[in-house]
Amino acid sequence: MSNQTAVSQNTSTTIPEASTGGTMMPLLDVRDLSVSFVQYTGGLQMRFLTVITSLSLTVRPGEILAVVGSSGSGKSLLAHAILGILPNNARISGTMLYVNEDLTPERQMSLRGREIALVPQSVNFLDPLMRVGFQVRSAAHGSEAAKAQRRVFDRYHLADQVKGLFPFQLSGGMARRVLVATATISDARLVIADEPTPGLHPAVVKETLNHLRELADEDRAVMLITHDIEAALTIADRIAVFYAGTTVEIALVADFTDNGEALRHPYSKALWRALAKNEFVATPGAQPSPDALPPGCLFQPNCKIATPECASVRPKERELRGGMVRCIHAA
Amino acid sequence: MRMGSALIYIGHKSVRLAVLLIALCAITFWLVSQSPIDPVQAYVGADMMRVGPEQRAEIAEYWGLNAPPLERFVRWGSAVVHGDFGTSMIFRRPVIDVIQERFTASLVLMGAAWVFSGVLGFVLGIIAGARQGTWIDRLIKCYCLTLASTPAFWLGLLLLIVFAVWLGWAPVGLGVPMGVPADEVTLGDHLRHMILPAVTLSIIGVANVALHTRQKLVNVLASDYVLFARAKGESEPAILWRHGMRNVALPAITLQFASLSELFGGSVLAEQVFSYPGLGQATVAAGLRGDVPLLLGAVIFSALFVFTGNLLADIIYRFVDPRIRLGGSV
């Protein structure tokens, strides 16, 4: 990939360390990441679509960080940015550190599939004309790929004949296990699961999430990107709440309780209260369009506690009660 | 289970072929019988001053032209079923012999064009698709769109002017050199006479498969599974080879088989331009001179040819693609 990536290290925002696993060094440290796309509309008119704005988060070995946000809010692009597989017309700024070293495009190329693995959304991410076993083996590194594939099939209770099947022959549950197997076989230390449980049977969802928890318990760092906050809460350690391309809050799982008083950002509170098991109230309004982001706080147009100041200055992230928040009114 | 479905498939296709051939022959027969060309007149040609009305009537009687059309058609049909295609009026030889000779010449010509256009089109399509949006992609696309809108006979004339008339590299026409006894004609002579018509047909055929391959590859490279392959750390050349070729080859081959009808249509025009003694040229001659037995024979064999192409395309699609072969939905 020849992204014209401009990953600079000049941003020196200090990131608050959340309390869980406090002393451990983060495996992945994303600071102030912005991703935009250049679009040509009618001739030479250029248009910038900013899909990720000043996003910051960290993932440590042994923990699951869930990135939770509504569908179509650009969460997948965060995964693609970390892996370095964004399309050519993407522009990136900010810093991404992997084990304290800058994640340059060259480094991304050598790390992806080895140190950093992706668990994709669906069986559509497997080549339709290639047998499953071969596709799992191709994710392994080293000379004993066939042995590693048998081991990983055993681990996920996949029968040996599954390796001879084509992707369309897999059942929903089998497909999930095959996709997780491609990440496990690579021995990656950072696993990014992008919406791994879309529209699945609850039992399959539970099984898939447990597989991710096991990977974290083996001291890997897991980043779970999902719109399903309830599922995320069952296995994650920390939750990054994603809104309009940025993290508005990073909270502990324990903060999501009662009426959400422990939460820091009005959007997180609204998201929590919108759940069926809570108050089931929808937040009015829609996320701002990526080609017309408001100058101030991104949530301000829909926020109930917004003040004139919110509309003019974009709030900086700050540490609050062992988490992070991006709201001047949070206390 | 699979044996049964294969039998059903074969039965289904056989019935379709039979219906197709019967309908095709009936329509052709009807068209020829409505044609203003008098077969006796066409047969007698320049000798018309020496052939009197009585002799004409005798010829017509001998050919059975006085019987009602339906009776003639049925008589012809039952003879064909017994393997007798009748005698060509213009060649004065059994139709089956003429077709065998002409079809062989055409098959060599079309085969060369088919392979060449398929390989070249596929390669051009892969290059354009892999380099989508670059100058080379635009160049290939421009070339293909120009060719796709070029009539075969016009291109043939152009090649004739340049390579046969101006440069003198290739013969102007015919299948063998003029004035050379048949047993002294070498394989090289055959090849030299085949080059220009084959190139004409190939150049036209390239556009279709190249544009199709390009679009398919562009779609494959934008697919989720290629994105995931990138995420797994596969390099771009490996992705093109492993996933691109695999997913593009099957539709390209299918398309190439299905395009036999266009190839045959093109060969009729190209053979006419180059006076190449193939089936296409014989068909035109039979049509213009009211040679009904030869025309019907040519219609049957060209229909069989096109049907076989479509059948092969269908079989490849059905029995090679695992998604259809092993049952399930695409």
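All figures in this text were calculated on a predicted structure; none of them were measured in a lab.

**With respect to the domain arrangement of chain B**
Residues and elements named next belong to chain B.
Okay, so step 1: Under the domain assignment, chain B is made up of domain 1 (2–81) and domain 2 (95–325).
Okay, so step 2: Computed over C-alpha atoms, the centres of domain 1 and domain 2 are 31 Å apart.
Okay, so step 3: Each side of the interface is counted separately: domain 1 has 15 residues, and domain 2 has 17 residues.
Okay, so step 4: Interface area for domain 1 against domain 2, summed over the two sides, is near 1600 Å², with a carbon-plus-sulfur share of 81%.
Okay, so step 5: One can count one salt bridge joining domain 1 with domain 2.
Okay, so step 6: A salt bridge links Asp314 to Lys13; the nearest nitrogen and oxygen atoms lie 3.5 Å apart.
Okay, so step 7: Joining domain 1 to domain 2, the criterion identifies two residue pairs in polar contact (both at pLDDT 80 or more).
Okay, so step 8: Elements with a minimum of two residues in the side of domain 1 that touches domain 2: helix H1 (2–34), helix H2 (39–44) and helix H4 (69–81).
Okay, so step 9: At 10 residues, H1 tops the list of elements feeding residues into the side of domain 1 that touches domain 2.
Okay, so step 10: The class makeup of the residues in the side of domain 1 that touches domain 2 is 13 nonpolar, one polar and one charged.

**Quick word on the environment of Asn278 of chain A**
All names here are of chain A.
Okay, so step 1: Within the secondary structure, Asn278 is located in the loop between helix H8 (266–273) and helix H9 (308–312).
Okay, so step 2: Through-space distance from the C-alpha of Asn278 to that of Gly260 is 9.7 Å; in sequence the pair is 18 residues apart.
Okay, so step 3: Dropping the residues within four chain positions of it, Asn278 is found in contact with Trp272 and Arg273.

**Observations regarding the sheet that holds strand S11 (residues 318–320) of chain A**
Residues and elements named next belong to chain A.
Okay, so step 1: As summarised here, the arrangement of the eight strands in space is S6-S7-S8-S3-S9-S10-S12-S11, forming an open sheet in which the pairing is mixed. Of all the strands in the sheet, just strand S6 (116–119) and S11 have a single pairing partner and so form its edges. Between one strand and the next, the sheet's axes are offset by a mean angle of 25°, whatever the strand orientation.
Okay, so step 2: The pairing of strand S3 (residues 64–68) with strand S9 (residues 238–243) spans four bridges and is classified as parallel. The residue of S9 that forms the bridge with Ala66 is Ile239.
Okay, so step 3: Sheet strands touched by H8: S3, S9 and strand S10 (246–252). Its angle to S9, the strand with the most contacts, is close to 100°.

**Overview of H8 of chain A**
Okay, so step 1: Residues of H8 of chain A that are buried include every one of Pro266, Tyr267, Ser268, Ala270 and Trp272 of chain A, and no others.
Okay, so step 2: Where the residues of H8 of chain A are buried, they touch helix H7 (229–235), S9 and S10 of chain A.

**Re the interface of chain B and chain A**
Okay, so step 1: Contacts between chain B and chain A engage 19 residues on the former and 24 residues on the latter.
Okay, so step 2: Here chain B is connected to chain A by zero salt bridges.
Okay, so step 3: The interface formed by chain B and chain A contains seven residue pairs in polar contact (both at pLDDT 80 or more).
Okay, so step 4: Breaking the side of chain B that touches chain A down by element, the ones donating at least two residues are helix H9 (224–231), helix H10 (236–258) and helix H14 (322–325) of chain B.
Okay, so step 5: Sorting elements by how many residues they give to the side of chain B that touches chain A places H9 of chain B first, with six residues.
Okay, so step 6: Looking at the side of chain B that touches chain A residue by residue, the class counts come to six nonpolar, five polar and eight charged.

**Things to note about the packing of aromatic side chains**
Two aromatic rings are characterised by how far apart their centres lie and by the angle between their planes.
Residue and element names in this part refer to chain A.
Okay, so step 1: Following the criterion strictly, the structure yields 11 aromatic pairs over all chains and no others.
Okay, so step 2: Geometrically, the ring pair formed by Tyr243 and Tyr267 is tilted, given 4.4 Å between the ring centres and 55° between the ring planes. One end of the pair, Tyr243, is in strand S9; the other, Tyr267, is in helix H8, and 24 residues separate them in sequence. In terms of burial, Tyr243 and Tyr267 fall into one category: buried.

**As for the side chain of Arg220 of chain A**
Residue and element names in this part refer to chain A.
Okay, so step 1: In this fold, Arg220 is placed in the loop between helix H6 (202–217) and strand S8 (221–226).
Okay, so step 2: For Arg220, a relative accessible area of 10% corresponds to the buried category.
Okay, so step 3: Ignoring any residue separated from it by four or fewer positions in sequence, one finds Arg220 in contact with Arg60, Pro61, Gly62, Glu63, Arg155, Thr184, Asp187, Ala188, Arg189, Val191 and Leu215.

**Brief notes about the nonpolar core**
Across soluble globular proteins, nonpolar side chains have a tendency to be buried as a group.
Okay, so step 1: Leu33, Leu57, Ile192 and Met223 of chain A are the most contacted members of the largest nonpolar core, which totals 100 residues.
Okay, so step 2: Of all the elements, helix H5 (residues 172–185) of chain A adds the most residues to this core, at eight residues.
Okay, so step 3: With residues up to four places along the chain from it excluded, the contact list for Leu57 of chain A reads Leu28, Asp29, Val30, Leu65, Val67, Leu78, Met223, Thr247 and Ile250 of chain A.
Okay, so step 4: Listed in part, the 47 residues of the second largest apolar core include Leu109, Ala113, Ala270 and Phe305 of chain B.

**Regarding the environment of Gly168 of chain B**
Okay, so step 1: Relative to the helices and strands, Gly168 of chain B is located in the loop between helix H7 (152–166) and helix H8 (187–221).
Okay, so step 2: Once the C-alpha coordinates of Gly168 of chain B and Leu295 of chain B are considered, the two residues, 127 residues apart in sequence, prove to be 35 Å apart.

**Digging into the sheet that holds strand S5 (residues 101–102) of chain A**
Residue and element names in this part refer to chain A.
Okay, so step 1: With antiparallel pairing, the four strands of this open sheet are ordered in space as S2-S1-S4-S5. In this open sheet, the two edge strands, each paired with only one partner strand, are strand S2 (45–59) and S5.
Okay, so step 2: For strand S1 (residues 28–41) and S2, the ladder comprises 11 bridges, and the chain directions are antiparallel. Looking at S2, one finds that Leu28 is bridged to Val59.

**With respect to the pattern of salt bridges**
Residues and elements named next belong to chain A.
Okay, so step 1: All told, the structure shown has 22 salt bridges over all chains when counted by the stated rule.
Okay, so step 2: For Glu63, the salt bridge identified is with Arg60, shortest N-O distance 3.9 Å. Comparing Glu63 with Arg60, the two get one shared label, buried.
Okay, so step 3: Salt-bridge contacts for Arg155 lead to Glu218; the nearest nitrogen and oxygen are separated by 2.6 Å. Residue Arg155 is found in helix H4 (residues 145–155), and its partner Glu218 is found in the loop between H6 and S8; the two are separated by 63 residues along the sequence.

Rules used in this analysis
- Residues numbered from 1 in each chain as written.
- Chains lettered and ligands numbered in written order.
- Predicted model: local features only at pLDDT ≥ 70, side-chain atom pairs only at ≥ 80, totals over all residues.
- Heavy atoms only, no water.
- Domains from an automatic or database assignment.
- Contact = heavy atoms within 4.5 Å.
- Buried area = accessible area lost by both parts, 1.4 Å probe.
- Salt bridge = Lys/Arg side-chain N within 4 Å of Asp/Glu carboxyl O.
- Polar contact = N/O pair within 3.5 Å; in protein donor to acceptor, adjacent residues only side chain to side chain.
- Helix = DSSP H or I, 4+ residues; strand = E, 2+ residues; numbered from the N terminus.
- Nonpolar A, V, L, I, M, F, W, Y, C, P; charged D, E, K, R; others polar.
- Pairing = 2+ DSSP bridges.
- Axes fitted to C-alpha atoms, helices over the stretch in contact; angles between N-to-C directions.
- Buried < 20%, exposed > 50% of the residue type's maximum accessible area, 1.4 Å probe, protein only.
- Phe/Tyr/Trp six-rings, centres within 6.5 Å; stacked < 30°, edge-to-face > 60°.
- Core = buried A, V, L, I, M, F, W, Y, C linked by side-chain atoms within 4.5 Å.

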